[in-house]
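Below, each chain spelled out in residue letters.
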Amino acid sequence: MLKITLLAVGNRMPAWVQQGFAEYQKRIGGRFRLDLVEIPALRRGKNADIPRIRQQEEARVLESVPSPGYLIALDRNGAAWTTRCLAQNMGRWLDQGEPVALAVGGPEGFSDQFLGVCRETWSLSALTFAHPLVRVILAEQLYRGFSIVEGLPYHR
């Protein structure tokens, strides 16, 4: 079974985000499992030390990566995958048998240092999405990839 873990900075999401993520999470089954680990976002006040905050959040993300694990950061400068490419990657991950962690950073994204630790970077879109919405989009896309890999009719 391939375990995919979404490591997301931020907690206390609106109910619609929790419901949307949970809906696609429960649809994924068989040889795949999708989990969510929320990394609490640190407070960003008026005079916040953003580089320090980002470094602390990144450290918490790294601590949450399953070991062994294949870490992929979602980043605006990452590779643009088609849905078919995502399905191919999911098939490859399944064959490799190594847990996959998909990391979504805080409002400032990830540092170059963090991105250098990741095996890959992936961009969901050239558009900018609100962080809560990314969780739902990502869960739906993973379900879509799952349906292609498993030969289900969801993706037409």
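Cut-offs used in this document
- Numbering of residues starts from 1 in every chain and runs along the sequence as written.
- Owing to the predicted nature of the model, reporting of local features is limited to residues with pLDDT of at least 70; listing and counting of side-chain atom pairs is limited to 80 or more, with chain, interface and lining totals taken over all residues.
- Side-chain numbers here rest on the full set of heavy atoms in the structure, without hydrogens or water.
- As used in this record, nonpolar core signifies buried Ala, Val, Leu, Ile, Met, Phe, Trp, Tyr and Cys residues forming a set joined through side-chain atoms within 4.5 Å.
- Only protein chains enter the accessibility calculation, which uses a 1.4 Å probe; a residue whose area is less than 20% of its type maximum is buried, one above 50% is exposed, and one in between is partly exposed.
- A helix here means a DSSP run of H or I that spans at least four residues, while a strand means a run of E at least two residues long, and both kinds are numbered starting from the N terminus.
- In this description, contact between two residues means that some pair of their heavy atoms is separated by no more than 4.5 Å.
- Salt bridge, as applied in this entry: a Lys or Arg side-chain nitrogen positioned within 4 Å of an Asp or Glu carboxyl oxygen.
- The length a helix should cover is 1.5 Å for every residue beyond the first.
- A strand pair is defined by DSSP finding two or more bridges across the two strands.
- Handedness is read with the strands pointing away from the viewer; a crossover is right-handed when the path from the first strand over the helix to the second is clockwise.
- The pairing test for Phe, Tyr and Trp rings, Trp by its six-membered ring, is centres within 6.5 Å, and the orientation test on the planes gives stacked under 30 degrees, edge-to-face over 60, and tilted for anything in between.
- Criterion for a charge above a ring: Arg CZ or Lys NZ at most 6 Å from the ring centre, at most 35 degrees from the ring normal.
- Starting at the helix axis, one direction is taken to each C-beta atom, and the arc is that of these directions.

Quick look at the nonpolar core
Okay, step 1: Ranked by size, the top nonpolar core spans 27 residues in total, and within it Ile4, Trp93, Leu102 and Leu142 carry the most contacts.
Okay, step 2: Of all elements in the fold, only β1 (2–9), α1 (15–27), β2 (32–39), β3 (70–80), α3 (83–96), β4 (100–104) and α5 (131–149) reach the threshold of two or more residues within this core.
Okay, step 3: Ranked by residues supplied to this core, first place goes to α5 with six residues.
Okay, step 4: Every residue in contact with Trp93, bar those within four places of it in the chain, is listed here: Leu2, Ile4, Tyr70, Ile72, Trp81, Leu86, Glu98, Val100, Leu102 and Glu120.
Okay, step 5: Counting residues in each nonpolar core, the second largest holds 13 residues, with Ile39, Ala101, Leu115 and Cys118 among its members.

Notes on the pattern of salt bridges
Okay, step 1: Summed over the entire model, instances satisfying the criterion amount to twelve salt bridges.
Okay, step 2: Residue Asp35 pairs with Arg33 through a salt bridge whose shortest N-O separation is 2.7 Å.
Okay, step 3: Using a relative accessible area of 37% as the deciding quantity, one classes Arg33 as partly exposed.
Okay, step 4: Taken together, the shared-partner salt bridges connect Lys3, Arg33 and Asp35 into one network.

Focus on α3
Owing to its 3.6 residues per turn, the α-helix aligns residues three or four sequence positions apart on the same side.
Okay, step 1: Over its 14 residues, α3 extends 20 Å from the first C-alpha to the last, a length consistent with the 20 Å expected when each residue adds 1.5 Å.
Okay, step 2: Within α3, the full set of buried residues consists of Thr83, Leu86, Ala87, Asn89, Met90, Gly91, Trp93 and Leu94.
Okay, step 3: Buried residues along α3 sit in contact with β1, β2, β3, β4, β5 (120–123) and α5.
Okay, step 4: A positive phi of about 70 degrees marks Gly97, the residue just after α3.

Quick word on the pairing of β2
Okay, step 1: Of the strand pairs in this sheet, β1 and β2 are connected by eight bridges, and their pairing is parallel. Paired with Leu7 across the bridge in β2 is Val37.
Okay, step 2: What joins β1 to β2 is α1, and the crossover it makes is right-handed.

As for the packing of aromatic side chains
Okay, step 1: This structure, assessed with the given rule, holds seven aromatic pairs.
Okay, step 2: On the numbers, 4.4 Å between centres and 20 degrees between planes, the contact of Trp81 with Trp122 is stacked. With a gap of 41 residues between them, Trp81 in the loop between β3 and α3 and Trp122 in strand β5 connect regions that are remote in the sequence. Across this residue pair, the class does not change: Trp81 and Trp122 are buried.
Okay, step 3: Their ring planes at 65 degrees and their centres at 4.6 Å tell us that Tyr143 and Tyr154 sit as a pair that is edge-to-face. One end of the pair, Tyr143, is in helix α5; the other, Tyr154, is in the segment after α5, with eleven residues separating them in the sequence.
Okay, step 4: Using a relative accessible area of 10% as the deciding quantity, one classes Tyr143 as buried.
Okay, step 5: The class of Tyr154 is partly exposed, set by a relative accessible area of 27%.
Okay, step 6: Following the ring pairs from residue to residue traces out a cluster consisting of Tyr24, Phe32, Tyr143, Phe146 and Tyr154.
Okay, step 7: Residue placement shows Arg27 over the ring face of Tyr143; its charged tip is 5.5 Å from the ring centre.

Observations regarding α1
Okay, step 1: Taking 1.5 Å per residue, 13 residues should reach 18 Å; α1 reaches 18 Å between its end C-alpha atoms and fits that length.
Okay, step 2: Inspection of α1 places Val17, Gly20, Phe21 and Tyr24 among the buried residues, and these make up the whole buried set. The arc that holds the buried residues of α1, viewed along the axis, is 90 degrees, so those residues lie on one side. Exposed side chains of α1 directed beyond 90 degrees from the buried face belong to Gln19 and Lys26.

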